[in-house]
Amino acid sequence: MQVIAINGKFPGPIVNVTTNYNVVINVNNNLDEPLLITWSGIQQRRNSWQDGVSGTTCPIPPSWNWTYQFQVKDQIGSFYYFPSTNFQRAAGGYGGFTINNRVIVPVPFGTPDGDITIFISDWYNKNHTDLRKILDDGKELGMPDGVIINGKGPYRYNQTLVPAGIEYETINVKPGKTYRLRVHNVGISTSLNFRIQNHFLNLVETEGSYTSQQNYTSLDIHVGQSYSFLVTMDQNASSDYYIVASARFVNTTVWQRVTGVAVLHYSNSKGPAKGPLPSPPDDVFDKTYSMNQARSIRWNVTASAARPNPQGSFRYGSINVTQLYVLKNEPPTIIKGKRRATLNGLSYVSPATPLRLADQYKIKGLYTLDFPTKPSTGAPIMATSLINGTYKGFMEIILQNNDTLVQSYHLDGMDFGEWTENSRGTYNKWDGVARCTVQVFPGAWTAILISLDNVGIWNLRAENLDSWYRGQEVYIKIVNPEANNKTELPMPDNVLYCGALSHLQTPQTHKSAGTAIAPSATLLVSFLVFVGVAVLFV
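Residues numbered from 1 in each chain as written. Predicted model: local features only at pLDDT ≥ 70, side-chain atom pairs only at ≥ 80, totals over all residues. Heavy atoms only, no water.

Caption draft 1: Examining the pairing of strand S14 (residues 209-216) more closely. Here strand S13 (residues 201-206) pairs with S14 via 5 bridges, running antiparallel. Across the sheet, residue Leu203 finds its bridge partner in S14, namely Gln214. Joining the antiparallel neighbours S13 and S14 is a turn of 2 residues, in which Glu207 adopts a positive phi near 50°. (Pairing = 2+ DSSP bridges. Helix = DSSP H or I, 4+ residues; strand = E, 2+ residues; numbered from the N terminus.)

Shown next as structure tokens:
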């Protein structure tokens, strides 16, 4: 099968920066189809031009290159990048994006002895183009062929389930040391339980927010989510230890092969890992355990983050909500002969001209600003309808999952049943964690609160790739009524043109000039994106 590699690596290289750095990344597209890279969780303050999704940016054509330029303003934490169109993330193309604290800002734990990034993902033994065709034909992808860890198949923990000759990941550590593990679920649609045999996972951060520290024996990581743990190597190293990522909320007998296994190897280990894997939570048909675990993840309100003031100084529980949207998803349905996914009965249609670019050139009729504030009672439709956000307002969004699977959404209460106005009494209004990707359990809802202080056009989407590909997304448009260059950066000099503006595009010179930025505290990176071949499962 084919994988998408970056600079010869799968997963791609880690972008390692510090708060407020200017980041310059040149992407050279050696694929045979257009490419966009998005920087999941990077806020792109005043700069939706660099967000790398179809609503803001034209894709990079094959054999072309383009330079992203943005600042990681007032952010810290564990994030990742990935290709955002054409179902390409199913083939790889992802890598870590780590933002470190400035020296003047204290970190709420001691300096780890090492920093390790781990990617977990469900995996199919088909090219992403074949998976795309399955969805285009109105079919479901079915059970994955396995789970990969850092792009590699499972360690042979069971000679019946795992054939010989599969390359697996080994994490090398030293006894007595403490490491920071940044774990990302970059998969297609499978929630995964992450655990390390005989080791506690001390959760310290998720997607840019320091958390109240607590130990877990395992943690459910849903599609698109990122967590970082401190793990101390305090075992006797009588053997290596299993690192496991297994599918959640499934029939484990049928899905037994959908388990990723890597090896934690102490430098003084006395032998290979052996015996049964550490057990996952035993609650296939009951989501209560996982929901309570998610509720237990709290903001460390006394810790500093990107700035030297406590995270809890932003008292979101007392703010005035100016807009309310209740967004309900349903199982895929047929619209105009195609199987589509919806929010409030609308399945998003991506226009050939990016929304932000169309606004810049005053192209009319491309979209409407009438996305429904509550679920529609009529027949589902396909449309390009946006949410009109009020600048400097606060929007409350209720994500109601009427599907049968856990769904993740990228952009704080949680409970079973239909959300009502009375549900607000169950909210955590003090230390609910700030993050960019949240899970919604089947038949349940999740409430999120958004500060509309970032001018631009911003994507709210299902992180489950099949749902996203079928149209389960919407854009939020935020406009400052007093136009100026202080609240939104100008269009970049190297902007690409497509759709109705294709005639403005000049031939690629392979020199990608962009808007000038300050030379200090700047990271320059070059990505060469191409297709490789890998055998992960037999």
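Caption draft 2: Fine view of unusual backbone geometry. The peptide bond linking Phe10 to Pro11 adopts the cis configuration, its omega dihedral lying at -5°. Mapping Pro11 onto the fold places it in the loop between strand S1 (2-6) and strand S2 (15-18). A positive phi is found at Glu207, a non-glycine position, where the angle reads about 50°. In this fold, Glu207 is placed in the loop between S13 and S14.

Caption draft 3: View of the state of the cysteines. Under the defined criterion, the tally for this structure stands at 1 disulfide. Between Cys58 and Cys498 runs a disulfide, and the two sulfur atoms are separated by 2.1 Å. One disulfide, between Cys58 and Cys498, carries an S-S torsion of -85° and so falls in the left-handed class. Just as Cys58 is buried, Cys498 falls in that class too. (Disulfide = S-S within 2.5 Å. Buried < 20%, exposed > 50% of the residue type's maximum accessible area, 1.4 Å probe, protein only.)

Caption draft 4: Representation of the environment of Lys73 within the structure. Along the chain, Lys73 turns up in the loop between strand S5 (65-71) and strand S6 (77-83). For the pair Lys73 and Arg45, spaced 28 residues apart in the sequence, the C-alpha separation amounts to 6.7 Å. Filtering out sequence-adjacent residues up to four positions away, Lys73 remains in contact with Asn20, Gln43 and Arg45. (Contact = heavy atoms within 4.5 Å.)

Caption draft 5: Region of the structure containing the sheet that holds strand S26 (residues 407-410). Strand order in this open sheet of 5 strands is S24-S31-S30-S26-S28, and the pairing throughout is mixed. Of all the strands in the sheet, just strand S24 (387-390) and strand S28 (437-440) have a single pairing partner and so form its edges. Averaged over all adjacent pairs, the angle separating strand axes in this sheet is 25°, with direction ignored. The sheet contact formed by strand S30 (residues 456-462) and strand S31 (residues 473-479) spans 6 bridges and is antiparallel. Residue Asn459 lies in a different strand from S31, and its bridge partner there is Tyr475. (Axes fitted to C-alpha atoms, helices over the stretch in contact; angles between N-to-C directions.)

Caption draft 6: Examining empty space enclosed by the protein more closely. Approximately 50 Å³ is the volume attributed to the largest cavity. Trp49, Thr56, Thr57, Cys58, Trp66, Pro354, Leu357, Pro492, Val495 and Leu496 together form the lining of the largest cavity. Looking at the lining of the largest cavity, its residues break down into 8 nonpolar, 2 polar and no charged. Here the second largest cavity defines a volume of roughly 30 Å³. Lining the second largest cavity we find Leu219, Asp220, His222, Tyr227, Ser290, Gln293, Ala294, Ile297 and Gln439. Mapped by element, the contributors of at least two residues to the lining of the second largest cavity are strand S15 (218-221) and helix H2 (288-295). Counting residues per element, the lining of the second largest cavity draws most heavily on H2, at 3 residues. Among the residues making up the lining of the second largest cavity, the classes are represented as 4 nonpolar, 4 polar and 1 charged. (1 Å grid on protein atoms, 1.4 Å probe; cavity = no way out; pocket = protein on both sides within 12 Å on 5 of 7 lines; lining within 4 Å. Points joined across faces, edges and corners; volume = space filled by probe spheres on them. Nonpolar A, V, L, I, M, F, W, Y, C, P; charged D, E, K, R; others polar.)

Caption draft 7: Main features of the pairing of S15. The alternating pattern of S15 places Ser218 and Asp220 and Leu219 and Ile221 on opposite faces, both of which are buried. In terms of strand pairing, strand S12 (residues 192-196) meets S15 through 4 bridges, oriented antiparallel. By the bridge assignment, Arg195 is partnered in S15 with Ser218.

Caption draft 8: Geometry of the sheet that holds S15. The 5 strands lie next to each other as S10-S18-S17-S12-S15, forming an open sheet whose pairing is mixed. Because the sheet does not close on itself, it has two edges, and the strands there are strand S10 (170-173) and S15. Adjacent strand axes in the sheet meet at a mean angle of 20°, parallel and antiparallel pairs treated alike. Two strands pair when backbone bridges link them, and S12 and strand S17 (residues 241-247) are joined in this way by 5 bridges, in the antiparallel orientation. Note that in S17 the partner of Ile196 across the bridge is Ile243.

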